[in-house]
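# What the coordinates show
Given next are the chains, with one letter for each unit.
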2 protein chains.
Amino acid sequence: MSDAHAARRERLSEYCSAGGADAALITKPANVRYLTGCAPCGATLLLTRERALLVLPAGLPPDDTGEHPYAVDLPHLTAEPEQDTAEVAAESAAGLRVSDLAVEEHDLTVSRLRAVAALAPAVRLTDLNRAVEHLRVVKDEQEIADLRIAAEIGDQALGELLESILVGRTERHLAMELERRMIDHGADRAGYPVSVGTGGHSGRSAHQPTDRRVEEGDFLTVSLGAQYRGYTVCSTRTFVIGAAPAAWQVELHRLVFEAQRAGREALLPGVPGSAPDRAAREVLRAAGHVEQWPQPFGHGVGLEVREAPQLGPDEMGKLDNRVPVTVGPGVHLPGRGGVRIEDTLVVRPSEAGGPELLTITTKELLAL
Amino acid sequence: MSDAHAARRERLSEYCSAGGADAALITKPANVRYLTGCAPCGATLLLTRERALLVLPAGLPPDDTGEHPYAVDLPHLTAEPEQDTAEVAAESAAGLRVSDLAVEEHDLTVSRLRAVAALAPAVRLTDLNRAVEHLRVVKDEQEIADLRIAAEIGDQALGELLESILVGRTERHLAMELERRMIDHGADRAGYPVSVGTGGHSGRSAHQPTDRRVEEGDFLTVSLGAQYRGYTVCSTRTFVIGAAPAAWQVELHRLVFEAQRAGREALLPGVPGSAPDRAAREVLRAAGHVEQWPQPFGHGVGLEVREAPQLGPDEMGKLDNRVPVTVGPGVHLPGRGGVRIEDTLVVRPSEAGGPELLTITTKELLAL
């Protein structure tokens, strides 16, 4: 992978040069990881036209061979204890006679920027904006392969849970069991806190699991995503507990299923990023469901669980080929619960079969 | 608790007034929680001399009664989707004709500060510095009671684990089981990722659990801390697996035990913050152990796992009564493993019996 990382750094250097900066200071962890393949918490990357220098925080333990496990193939320095890696990188930039240094103003705090400026007084600081996030939007096939494995892990964990007895268990226990199963199947970790909502909690987005126990007749909404080699997908499913779902449950599930399908079918290269959300929302609105706190039904995924593009109803940009996104509409009826169904898909052209579904667990209303 | 929160806001207002600011913009989550008792991710607090206004992010679900669960007894606004709560607060500050607004420059990114400045062009922005963190250092007895419960939860989880069979289980499984047990005993969550290190991984600080299995003859280092009502303590213990520890294991454990005791005994109101670290380090140095990547052996705990004061060897400040801190020296021998022992204690005067130990699980070398 280090060739891919070098190519990414090369693209970023070209972007900086075009903007008049001869170096960039990368502090946002997902961006450092994208450009180097390694991301100990708190590392900073200094990228000049000629070289890349990774600054590691103090206190990272050596591995069993005594080697630094994060060094990979990049030149690196280690900060002193209590010393900020961005400050060390700023000193290096000054020593290398950098004239224009682009920093990540959306990540760097005001205090850190001031410290960087003080240590590199002859260096002009500019804003890199979200250049690395922009590079990250379209994935290469290796990244998509990692996302595919992340999705498989989540599907396996969920499939196993569905075979067990659920009635009487708490949301918290189910969430912890899903997390454990994802790790057993090879996940780095859960990419975001597993959400399990039963009864009146079902259908909520990002519901924090409680001690409520699963009861006969409940809707059960599960949202989970494994992280694999840093990449996370999102998947949400809603089931019903017991052999005989109520008519309103069957109807609501059918509606959200239709809305989610409409959203998925709107995913094509070149269409506006708002199209999937609008298509899904239209189905729900036609049935009288207007959210009081409307949230976008989708977003990009990758090294962050939520990253560009945002796919809200007002998104202006167009979708590109090889962009993995979520489509996850839902309806929550206060006091009664609801349904949410969310997939992660990769945008692909119609010639290639259209969007590639990564999260393949069935979306039918299973009665468990 | 809302009286306590109002009193904290009052103290902060007085601090701001003394510094010439007539309002403060609090964005750091732990600080918002300290001043309001509630902390949905992304909330911002605007505090003027006359009033407190909490700005909540869009998309927080209402609770089952339809009420906003985070509103408590403070006036509040909700941001639009995709809108930054700090920007809404800045607009409110402008509307209230605030003249000098102190912001948390160590938390606010450069981009957010710029947006705040653009929305409140007539308002002069100054740095609040770490005023709220400073207020948070000395705890009240309610906060200490919460920390005490957090410590009890961790002790219970660890005690249960020690009664089970450990040989053959992986570090990851043991860590997940400890997390689950803490939640079972009433923790909000694990306050930091549970660390379990066996064999060559033992004795490391913040070791990330792997698939290595516990073997006969291993050292086993466990670090865990429950979060209870937002408050987290830290506890680390090292055990040996099997009935007959090797001589070097007994000797190394005795040494770290002595070092940790020396550190604990140095904890008194009025002594320099460096005293516990220096006392512990001196014992280790005398036995020839000098760390290649020296990290402070202690730090404050509270609403953050690591907060002021830092208790490194170069700490200049003095310890105060009612400050909860950790004392956690360790030795790691590459390839062989090591020992780390860490407690959380509250600084108390000698008349009151000296430091109050919160993490009471035995520190003896248990052979499991």
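Quantities reported herein were computed from a predicted structural model and do not represent experimental measurements.

## Structural notes on the packing of helix α7 (residues 171-184) of chain A against helix α7 (residues 171-184) of chain B
To characterise two packed helices, one gives the angle between the axes of the helices and the distance between these axes. Relative orientation of the contacting elements α7 of chain A and α7 of chain B amounts to 170°, with a least axis distance of 11 Å. By the angle between their axes, α7 of chain A is roughly antiparallel relative to α7 of chain B. Residues R172, M176, R180 and I183 of chain A of α7 of chain A pack against R172, M176, R180 and I183 of chain B of α7 of chain B. Classifying every residue of the contact of α7 of chain A with α7 of chain B gives four nonpolar, no polar and four charged.

## What about the packing of helix α8 (residues 247-265) of chain A against helix α9 (residues 275-286) of chain A?
Residues and elements named next belong to chain A. Put simply, α8 and α9 touch, their axes get as near as 7 Å, and they point 155° apart. Viewed along their axes, α8 and α9 adopt a mutual orientation that is roughly antiparallel. Considering only the axes of α8 and α9, their crossing is right-handed. Where α8 approaches α9, its residues L255, E258, A259, Q260, A262 and G263 are matched on the opposing element by P276, D277, A279, A280, V283 and L284. For the contact of α8 with α9, the class distribution of residues is eight nonpolar, two polar and two charged.

## Some points on the interface of chain B and chain A
Many structure descriptions define interface size as the accessible area lost when the parts assemble. Of the residues lining the interface, 29 residues belong to chain B; the matching set on chain A comes to 28 residues. Where the side of chain B that touches chain A is concerned, the elements lending two or more residues are α4 (110-119) and α7 of chain B. In terms of residue count, the dominant contributor to the side of chain B that touches chain A is α7 of chain B (four residues). By residue class, the composition of the side of chain B that touches chain A is 13 nonpolar, nine polar and seven charged.

## Quick word on the nonpolar core
The nonpolar side chains of soluble globular proteins are, as a tendency, buried together. A24 and L101 of chain A together with A24, A93 and L101 of chain B are the most contacted members of the largest nonpolar core, which has 189 residues in total. Beyond its immediate stretch of four places on either side in the chain, A24 of chain B contacts L12, C16, L47, A102 and L128 of chain B.

## Concerning the relation of the copies chain B and chain A
You can overlay chain B on chain A at an RMSD of 0.0 Å; the transform is a turn of 180° with a shift of 0.0 Å along its axis. Here the two chains are linked by the operation of a two-fold rotation axis. The C-alpha atom lying nearest the rotation axis in chain B is that of T109 of chain B; the distance is 1.9 Å. Both copies share a contact surface, since 97% of the interface residues of chain B are interface residues in chain A too.

## Some words on the sheet that holds strand β7 (residues 189-190) of chain B
The strands making up a sheet associate through hydrogen bonds between their backbones, and the pairing can be parallel or antiparallel. All names here are of chain B. If you trace the three strands from one edge of the open sheet to the other, you get β7-β10-β11, paired in antiparallel fashion. Each edge of the sheet is formed by a strand with only one pairing partner; in this case those strands are β7 and β11 (231-232). Judged from the two bridges that link them, β7 and strand β10 (residues 226-228) form a sheet pairing that is antiparallel. Across the sheet, R189 pairs through a bridge with Q227, a residue of β10. Sheet strands touched by helix α6 (residues 141-162): β10 and β11. Its angle to β10, the strand with the most contacts, is close to 145°.

Reading guide: rules and limits
Residues numbered from 1 in each chain as written. Chains lettered and ligands numbered in written order. Predicted model: local features only at pLDDT ≥ 70, side-chain atom pairs only at ≥ 80, totals over all residues. Axes fitted to C-alpha atoms, helices over the stretch in contact; angles between N-to-C directions. Helix = DSSP H or I, 4+ residues; strand = E, 2+ residues; numbered from the N terminus. Parallel < 35°, antiparallel > 145°, perpendicular 65-115°, else oblique. Contact = placed C-beta atoms within 7 Å. Nonpolar A, V, L, I, M, F, W, Y, C, P; charged D, E, K, R; others polar. Left-handed = near helix turned anticlockwise from the far one by under 90°. Core = buried A, V, L, I, M, F, W, Y, C linked by C-beta atoms within 7 Å. Buried ≥ 20, exposed ≤ 12 C-beta atoms within 10 Å, placed from the backbone. Least-squares fit on C-alpha atoms with pLDDT ≥ 70 in both. Pairing = 2+ DSSP bridges.

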